[in-house]
Structures are given as structure tokens and as C-alpha cells.
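# Structural characterization, general
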Amino acid sequence: MSYTSAGQTHTYEPLSSVSWGGDHLILLDQRLLPEDIVYLKLYTPEEVWEGIHSMKVRGAPAIGIAAAFGVVLGGLQYAGDQPGEWLQQVRTTCDYLATSRPTAVNLFWALDRIKLTAEKLAETLSDRTALNAALLAEAEAIRAEDEDVCRRIGENALPLFKDGMGILTHCNAGGLATAKYGTALAPMYLAHEQGMNIKVFADETRPVLQGARLTAFELQQAGIDVTLLADNMAAMVMSKGWVQAVIVGTDRVAANGDVANKIGTYGLAVLAKAHGIPFYVACPLSTIDLNTKTGADIPIEERPAEEITEGFGKRTAPHGVKVYNPAFDVTPNEYVTAIITEKGMVQAPYSENLKKLFE
Ligand SMILES: CSC[C@@H](O)[C@@H](O)C(=O)COP(=O)(O)O
């Protein structure tokens, strides 16, 4: 990617969070950023499950892509010559990887898609090398399509941005959370490419600090003006008039437009409304789940207490204290100004308008 600053063009290669290494999955260990850039080589579905569960790879689209490659690794483990048995191995791997995290629907979307492909392949191909190669091609397609989709989300959101605008974001919905560009961060990259001046405020995002570790890191790497905030500073920054839009990603949009995203998002949406600031959600169609009626039906992951009590590498709370650590919250649809997808922007009434995206 490239941008021009003070008359000079800078090009840089953004870090890729998920890629295929020939016979293994390559994962950028996002838990170690920004201090250490470490790529892991994963050879088994178990390693991929652990990578997703422990959030070495995180962000809804990236989780789906990693899982798709994890299924390929499951297929590669089959040593026989019966397509039916190969298919059974693939199905078992899909069911297993579906237990790695509960909230991001992209995980289940990608697993359903790769399972369906495997079922069709097993009807026509008999050689396991050919089956595995075709399944890998599908996982590669999921990765490549996500890059394209993210770019289109960016193009569709870009008209909302104006020169000199302050934009607040939460968690990381950037290139690290997807194949490239991100969802909420995609229009920021495009704006920057076009020479538009934007000022981004990145919430640090307690307790795992995706905003500090990842969003501040990838925007800074791209030369975008980014200011890091602790989560409890958003109201103050909004009251000063520094924020003209909030834009976030999401892990699942229910059929009525309720939006699950990183814990803290709901509070931001309420604050945005109180300050008359539009609150946008950017996501691919694969994040919209018409089978989930409302936000109340979205399974919300709860994570270990240690993320809160030992999150800074040492104990910051008394031993034995009760802890509640939901990883996501649900923003009711009435706080959502618009949802921006690769097919364009959708506004209320969401129950009708989200459905139209799939027609
Ligand atoms: C384009 S990523 C959108 C969401 O997945 C992102 O905002 C988010 O909440 C990620 O949560 P995480 O727990 O880091 O996987």
C-alpha cells in the first residue's frame, strides 16, 4: 500500500495475519504485537483451534479464514483412499473448529462454506491429493475474496469521510483482523491513500488491548494520524468536539440490526448518540446472520478472569475477587446510524433492509 506525505510517496507492505505456507498455516501471533513480530507455523487442526481460542488470530473475518485453512489441515491428515472417509474427516474437523470461539459468525460461515465444498468434491473426485488441492483452493478463495470485499467496504464508507475529520474506533477492525484493509479501518486507508487528512482516535480496548496493540500499530505503520485513548476517555474527547464519526467492526449482526462487537462498543454508541455523532458499523455480508433474530440471541463469549486481573503481566486485583469478563456486547439497532457492507450502506428499518442485501 502507499500514501503521499509532504510530497513524498511512501510504500509499505502491511503485515498479513493469515496465510498458507504450502503444507501449513502461517499465523501472525497478534498477542505479541506491537513489540514482537512472530509468525507461527501450524500443522494440525488442534494447533489452529488453540490459535483461535487463545486469540493469536482474532477478528471475525481472520478467524473464519484461519478455520478454513484448519479444515484443509484436517483433510491432509487422512491417509486412506476413500472419498467418503476423507469427507467424514473434514466434517469432524469442521465441528471441532466450530467450538474454538462462539460469537463471530464468520467462523461458522467459513466452516459451512468449506464443508459444502468438500461434500460436492467428494461426489466427483476420488483421489485424496486432488480432493485436498481443491479444498485448499476454496480456503484460498475465502482469503482472497475477503481482501476484495474489505476494499469494497472501504470504497462504500469513504464518502462518509471529510477532510480534517476526527474518527473514533474501538478494538481492531483493520488489516490484522481480515485478509487486508479491514472493515472499519478500510475507509481510513483509502482516505489516506487519496491524501485526505483524518485524525483517528483508537480506544485501547480493555482487557486484551486490541486498540493499543493492533489498531494504533497498524495505523501508525500506514502513516495515519492516530491518537491512543484509554477506553474511559471517549466521552471527554467527544465533548471537546474532536470526533465527527464513530466507526467500528462487528462479529455478528442480527436480522434486526442489533450489532455484537468488542466489549465497550455499546457504551460508545450511547455516547455518540448523546453527542449527536453518527455511529457506523462496517462489515462483510458474511458477518450478517439472518438466522439470529435479535442481539439477545447472539452467544456472547466469556473469557478467563486473568485477562482482567493479570492483563498487564502482573496481578492488578486481589486474589479471589469475583470477575465478569464478557468479550462482546450488543449495541441495539436504534443506536446504529448505518451498516456499511461490500454491497453498499444499509439504514433502518434493518429487518427489511438487511434482508434485501441477500436478494
Ligand atoms: C473486522 S473485525 C470485527 C470484529 O471482529 C472486531 O471489532 C472485534 O470485536 C474483534 O474481537 P476479538 O476478540 O479481538 O476477536
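Thresholds, definitions, all that
Residues numbered from 1 in each chain as written. Predicted model: local features only at pLDDT ≥ 70, side-chain atom pairs only at ≥ 80, totals over all residues. Heavy atoms only, no water. Salt bridge = Lys/Arg side-chain N within 4 Å of Asp/Glu carboxyl O. Helix = DSSP H or I, 4+ residues; strand = E, 2+ residues; numbered from the N terminus. Buried < 20%, exposed > 50% of the residue type's maximum accessible area, 1.4 Å probe, protein only. Near = heavy atom within 4 Å. Polar contact = N/O pair within 3.5 Å; in protein donor to acceptor, adjacent residues only side chain to side chain. Areas by Shrake-Rupley, 256 points an atom, 1.4 Å probe, with all protein chains shown as cover. Lys, Arg positive; Asp, Glu negative; His and termini not counted. Contact = heavy atoms within 4.5 Å. UniProt positions renumbered as here; feature names shortened; annotations may be inferred. 1 Å grid on protein atoms, 1.4 Å probe; cavity = no way out; pocket = protein on both sides within 12 Å on 5 of 7 lines; lining within 4 Å. Axes fitted to C-alpha atoms, helices over the stretch in contact; angles between N-to-C directions. Parallel < 35°, antiparallel > 145°, perpendicular 65-115°, else oblique. Nonpolar A, V, L, I, M, F, W, Y, C, P; charged D, E, K, R; others polar. Points joined across faces, edges and corners; volume = space filled by probe spheres on them. Domains from an automatic or database assignment. Buried area = accessible area lost by both parts, 1.4 Å probe. Pairing = 2+ DSSP bridges.

With that settled, the discussion passes to the pattern of salt bridges. A pair can form between side chains of opposite charge whenever their charged atoms are brought close. As enumerated under the stated definition, the model contains 15 salt bridges in all. Note that Asp148 is salt-bridged to Arg152, the shortest N-O span being 3.1 Å. Residue Asp148 and its partner Arg152 are located together in helix 5 (residues 128-157), separated by four residues, close to a single helical turn. With a relative accessible area of 41%, Asp148 lands in the partly exposed category. Classification of Arg152 by relative accessible area gives partly exposed; the value is 33%. For Glu307, the salt bridge identified is with Arg303, shortest N-O distance 2.6 Å.

A word on the site of the ligand. Near the ligand there are 19 residues, and of these Arg58, Arg101, Gln210, Asn261 and Lys262 occur at the shortest range. Here Arg58 contributes a side-chain N or O atom positioned 2.8 Å from an oxygen atom of the ligand. Measuring from an oxygen atom of the ligand, one finds a side-chain N or O atom of Lys262 at 2.7 Å. Coverage of the ligand by the protein chains reaches 100% of its 410 Å² of free accessible surface.

What follows is about the side chain of Lys180. Mapped onto the fold, Lys180 is located in the loop between strand 6 (165-169) and helix 6 (186-193). Of the side chains with opposite charge, Glu147 lies nearest to the buried Lys180, which makes no salt bridge, at 4.1 Å. In this view, Lys180 contacts Met1, Pro14, Glu147, Cys150 and Gly175; residues no more than four positions away in its chain are not counted.

The next thing to look at is the UniProt feature "binding site: substrate" (unreviewed entry) in the protein. UniProt marks Arg58, Gly59, Ala60, Arg101, Gln210, Asn261 and Lys262 with the feature "binding site: substrate" (unreviewed entry), using the numbering shown here. Within this annotated set, the largest cavity is lined by Arg58, Gly59, Ala60, Arg101, Gln210, Asn261 and Lys262. Topologically, Gly59 is positioned in the loop between helix 1 (45-53) and helix 2 (60-76). Along the chain, Lys262 turns up in strand 11 (residues 259-262). By relative accessible area, which is 6% here, Lys262 ends up buried.

This part takes up the packing of helix 2 against helix 5. One can describe the packing of helix 2 onto helix 5 by two numbers: an axis separation of 9 Å at closest approach and a directional angle of 175°. Of the possible angle classes, the one that applies to helix 2 and helix 5 is roughly antiparallel. Every residue of helix 5 that contacts helix 2 at Pro61, Ile65, Ala68, Phe69, Val71, Val72, Gly75 and Leu76 is listed here: Asn132, Leu135, Leu136, Ala139, Glu140, Ile142, Arg143 and Asp146. Here the contact of helix 2 with helix 5 is composed, by residue class, of eleven nonpolar, two polar and three charged.

The calculated volume of the largest pocket comes to roughly 450 Å³. Lining the largest pocket we find 23 residues, and of these Trp109, Ala110, Leu285, Ser286 and Ile288 sit closest to its centre. Sorting the residues of the lining of the largest pocket by element identifies helix 2, helix 4 (105-124), helix 5 and strand 13 (288-289) as the ones contributing at least two each. Here the lining of the largest pocket takes seven residues from helix 4, the largest share from any one element. When residues of the lining of the largest pocket are sorted by domain, at least three fall in each of domain 1 (2-151) and domain 2 (154-356).

Interfaces are often sized by the accessible area lost when the parts come together. We note that the domain assignment places domain 1 (2-151) and domain 2 (154-356) within the protein. Spacing between the C-alpha centres of domain 1 and domain 2 amounts to 24 Å. Taken residue by residue, the interface counts 36 residues in domain 1 and 43 residues in domain 2. Here domain 1 meets domain 2 over a buried area of about 3,400 Å², counting both sides, of which 54% is carbon and sulfur. Our enumeration of links across domain 1 and domain 2 arrives at three salt bridges. Ionic pairing is found between Glu301 and Arg101, a salt bridge with its closest N-O pair at 2.8 Å. Summed over the shared surface of domain 1 and domain 2, the result is 21 residue pairs in polar contact (both at pLDDT 80 or more). Among the elements that line the side of domain 1 that touches domain 2, the one with the most residues is helix 5, at six residues. Here the side of domain 1 that touches domain 2 is built from residues that sort into 20 nonpolar, eight polar and eight charged.

The next subject is the sheet that holds strand 10 (residues 252-254). Read from one edge of the open sheet, four strands run 13-10-11-14, paired in mixed fashion. Of all strands in the sheet, those bounded by a partner on one side alone are strand 13 and strand 14 (328-331). Direction of pairing for strand 11 relative to strand 14: antiparallel, over a ladder of four bridges. Bridged to Lys262 within strand 14 is Phe328.

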